[in-house]
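Coordinates in review
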2 protein chains.
Amino acid sequence: MERADVIPLLGEVFRAHGFEGASLSAITAGTGLGKGSLYHFFPGGKEEMAAAVLQDIDGWFERAVFAPLRDEPDAAAAIRASLAAVEQYFRSGRRVCLVGVFALGEVRDRFADEVEGYFARWRAALAAALQRAGRPEAEARDTAEDAVLTIQGALVLARALDDPAVFTRALARLEHRLFG
Amino acid sequence: MERADVIPLLGEVFRAHGFEGASLSAITAGTGLGKGSLYHFFPGGKEEMAAAVLQDIDGWFERAVFAPLRDEPDAAAAIRASLAAVEQYFRSGRRVCLVGVFALGEVRDRFADEVEGYFARWRAALAAALQRAGRPEAEARDTAEDAVLTIQGALVLARALDDPAVFTRALARLEHRLFG
DNA sequence: GCGACTCTGTACCAATCAGTACACACAAAA
DNA sequence: TTTTGTGTGTACTGATTGGTACAGAGTCGC
């Protein structure tokens, strides 16, 4: 087992329990690794584990969502593709956003840069794509903010009501709002 | 100090730390009460405290938001009033939704009925108001769901970016979407 | 075979956890 | 003034917390 293999497992543990709720015993259970291995890979303990997970998630979104949104020549297609990627990433509403979970807790402050950067870059990348698709700058910024927050809210409500369809419907409405 | 006085303080502690993160010492610090008093008021411990807080919040929303939405003859005015109440309750984005925080954590399952009921009744009440305001049923349901999830997402994003204005803007856009 | 290095299990630590027990303060009622 | 009942502080419990120490296991190149 390598360090890189552990990070996704850690992600699921933090997703399920939050940062404070993710006890070392929950982490060992969720990863199948003992404390020895855990502290070998992450000498900084829980904090380093969480930082690694955040960086991993950020990297994925940067590659699969933010960069295409910024660089893809066909902006409209990039936006549609990003929505599809997001829907798949969050398992159609069955999975929760770790960064959002962290944002709501008091851990937010400890990972302020990571949390803020993630959402700020998402919003900025989407705004850039919308502008390239022809929207005026102010409207593009507003619409991008609305889209990001809709996705987050949809995840909250889907989990609250234990109904993934809430997320699916919200994404469908969002796409319609962005293009219809 | 009476039991009723403690509940709002408990609410703020749970808001700040989440359920798992709200240690007894955080609770005593936040409420100014010792364990003796705490367990005198809430023999069931943290679980009973959280249940009382959820019930308190639910009661406030039922009175100030859900019931007017269902019963007020002027549906449009009721919707506008509910938005204003929500904006004030969440301190224009500086406060977070406890029920949303619980929904994202693993505590959700322990308080499944309360969490589910809160959001389900919010959505239903708003849908009823929209229908009375003239929207067809399916559209009213969709729009209500969108509104509730927008509010939740706005709270997440506002806290993530440490920018309450995100919430204010989202509410303004939402009102425009509901009436414009 | 030999070290060298990466990985892992176990025993251990002080601190903190949620929760209990109980004596006592303080009030209103008698 | 005594009684009764509602609060409250403190000391304690066993369990669990995050973290450390360290002896080994496994696997390399040599």
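Now for a quick tour of the structure. (Residues numbered from 1 in each chain as written. Chains lettered and ligands numbered in written order. Predicted model: local features only at pLDDT ≥ 70, side-chain atom pairs only at ≥ 80, totals over all residues. Heavy atoms only, no water.)

1. A word on the interface of chain B and chain A
Taken together, the 39 residues of chain B in the interface contact 39 residues of chain A. Of the roughly 3400 Å² buried at the junction of chain B and chain A (both faces included), carbon and sulfur atoms supply 60%. A:Arg169 serves as the salt-bridge partner of B:Glu145, at 2.8 Å between the closest nitrogen and oxygen. Summed over the shared surface of chain B and chain A, the number is 14 residue pairs in polar contact (both at pLDDT 80 or more). (Contact = heavy atoms within 4.5 Å. Buried area = accessible area lost by both parts, 1.4 Å probe. Salt bridge = Lys/Arg side-chain N within 4 Å of Asp/Glu carboxyl O. Polar contact = N/O pair within 3.5 Å; in protein donor to acceptor, adjacent residues only side chain to side chain.)

2. A word on the protein's contact with DNA strand C
Neighbouring DNA strand C are 14 residues, the closest being A:Ser37, B:Ser23, B:Leu24, B:Lys35 and B:Tyr39. The contact atoms of DNA strand C, taken as those within 4 Å of the protein, divide so that sugar and phosphate hold 55%. One of the side-chain nitrogen or oxygen atoms of A:His40 is found 3.2 Å away from a phosphate oxygen of DNA strand C. One nitrogen or oxygen atom from the main chain of B:Ala22 is found 3.5 Å from a phosphate oxygen belonging to DNA strand C. Elements supplying a minimum of two residues to the surface near DNA strand C: helix 3 (35-41) of chain A together with helix 2 (24-31) and helix 3 (35-41) of chain B. Here the surface near DNA strand C is composed, by residue class, of 5 nonpolar, 7 polar and 2 charged. (Near = heavy atom within 4 Å. Helix = DSSP H or I, 4+ residues; strand = E, 2+ residues; numbered from the N terminus. Nonpolar A, V, L, I, M, F, W, Y, C, P; charged D, E, K, R; others polar.)

3. What about the state of the cysteines?
Disulfide: a covalent bond formed between the sulfur atoms of two cysteine residues. A full pass over the atoms with the stated rule returns 0 disulfides over all chains. In this structure A:Cys97 is a free cysteine whose sulfur lies 17 Å from that of B:Cys97, the closest cysteine sulfur available. Looking at A:Cys97, the relative accessible area reads 4%, which means it is buried. (Disulfide = S-S within 2.5 Å. Buried < 20%, exposed > 50% of the residue type's maximum accessible area, 1.4 Å probe, protein only.)

4. A look at the relation of the copies chain B and chain A
Overlay of chain B on chain A (RMSD 0.0 Å): rotation 180 degrees, translation along the axis 0.0 Å. Here the copies are linked by what is in effect a two-fold axis. In terms of C-alpha distance to the rotation axis, chain B has B:Gly153 as its closest residue, with the C-alpha 1.7 Å off the axis. (Least-squares fit on C-alpha atoms with pLDDT ≥ 70 in both.)

5. Here we look at the pattern of salt bridges
Applying the stated criterion across every chain yields a total of 36 salt bridges over all chains. Put simply, B:Arg70 and B:Glu62 hold a salt bridge, and the shortest N to O gap is 2.2 Å. The exposure class assigned to B:Arg70 is partly exposed, which follows from its relative accessible area of 34%. Counted as one network, the salt bridges with shared partners bring together A:Arg123, A:Asp142, A:Glu145, B:Arg169 and B:Arg173.

6. Quick look at the protein's contact with DNA strand D
In the vicinity of DNA strand D there are 14 residues, among which A:Ser23, A:Leu24, A:Lys35, A:Tyr39 and B:Ser37 approach most closely. Per the 4 Å cut-off to the protein, sugar and phosphate atoms form 62% of the nearby atoms of DNA strand D. Within the side chain of A:Ser23, a nitrogen or oxygen atom sits 3.3 Å from a phosphate oxygen of DNA strand D. One of the backbone N or O atoms of A:Leu24 is found 2.4 Å from a phosphate oxygen in DNA strand D.

7. Here we look at the nonpolar core
Ranked by size, the top nonpolar core spans 134 residues in total, and within it A:Phe14, A:Phe102, B:Phe14 and B:Phe102 carry the most contacts. Among all residues touching A:Phe14, those that are not within four sequence positions of it are A:Phe19, A:Ala22, A:Ile27, A:Lys46, A:Met49, A:Ala50, A:Val53, A:Leu98 and A:Phe102. (Core = buried A, V, L, I, M, F, W, Y, C linked by side-chain atoms within 4.5 Å.)

8. Quick look at the packing of aromatic side chains
Two aromatic rings, taken as a pair, are described by how far apart their centres are and by the angle between their planes. Summed over the entire model, instances satisfying the criterion amount to 38 aromatic pairs over all chains. Measuring from centroid to centroid gives 6.0 Å for B:Phe61 and B:Phe66, while their planes differ by 40 degrees, and the two rings are tilted. On the basis of relative accessible area, B:Phe66 is assigned to the buried category, the value being 0%. Between the aromatic rings of B:Tyr118 and B:Trp122, the centroid separation amounts to 5.8 Å while the plane-to-plane angle is 75 degrees, which identifies the pairing as edge-to-face. On the criterion of helical spacing, the pair formed by B:Tyr118 and B:Trp122 is a turn pair, its members being 4 residues apart in helix 7 (residues 112-132). For the pair B:Tyr118 and B:Trp122, a shared accessibility class is recorded, and that class is buried. For A:Arg80, the ring lying beneath its charged end belongs to A:Phe179, and the centroid distance is 4.0 Å. In this structure, B:Lys46 packs its charged tip against the face of B:Phe19, placed 4.8 Å from the ring centre. (Phe/Tyr/Trp six-rings, centres within 6.5 Å; stacked < 30°, edge-to-face > 60°. Lys NZ or Arg CZ within 6 Å of the ring centre and 35° of its normal.)

9. Focus on the side chain of B:Glu145
You can see B:Glu145 is positioned in helix 8 (residues 137-160). Within polar-contact distance, the side chain of B:Glu145 engages the side chain of A:Arg169 at 2.8 Å. If sequence neighbours within four positions are ignored, B:Glu145 has contacts with A:Leu157, A:Val166, A:Arg169, A:Arg173 and B:Arg123.

10. A look at the packing of helix 5 (residues 75-89) of chain B against helix 7 of chain B
Residues and elements named next belong to chain B. Contact geometry of helix 5 with helix 7 gives a least axis separation of 8 Å together with a crossing angle of 145 degrees. For the pair formed by helix 5 and helix 7, the contact residues are Ala 75, Ile 79 and Val 86 on the first element and Trp 122, Leu 126, Ala 129, Leu 130 and Arg 132 on the second. Of the residues that constitute the contact of helix 5 with helix 7, the class distribution is 7 nonpolar, no polar and 1 charged. (Axes fitted to C-alpha atoms, helices over the stretch in contact; angles between N-to-C directions.)

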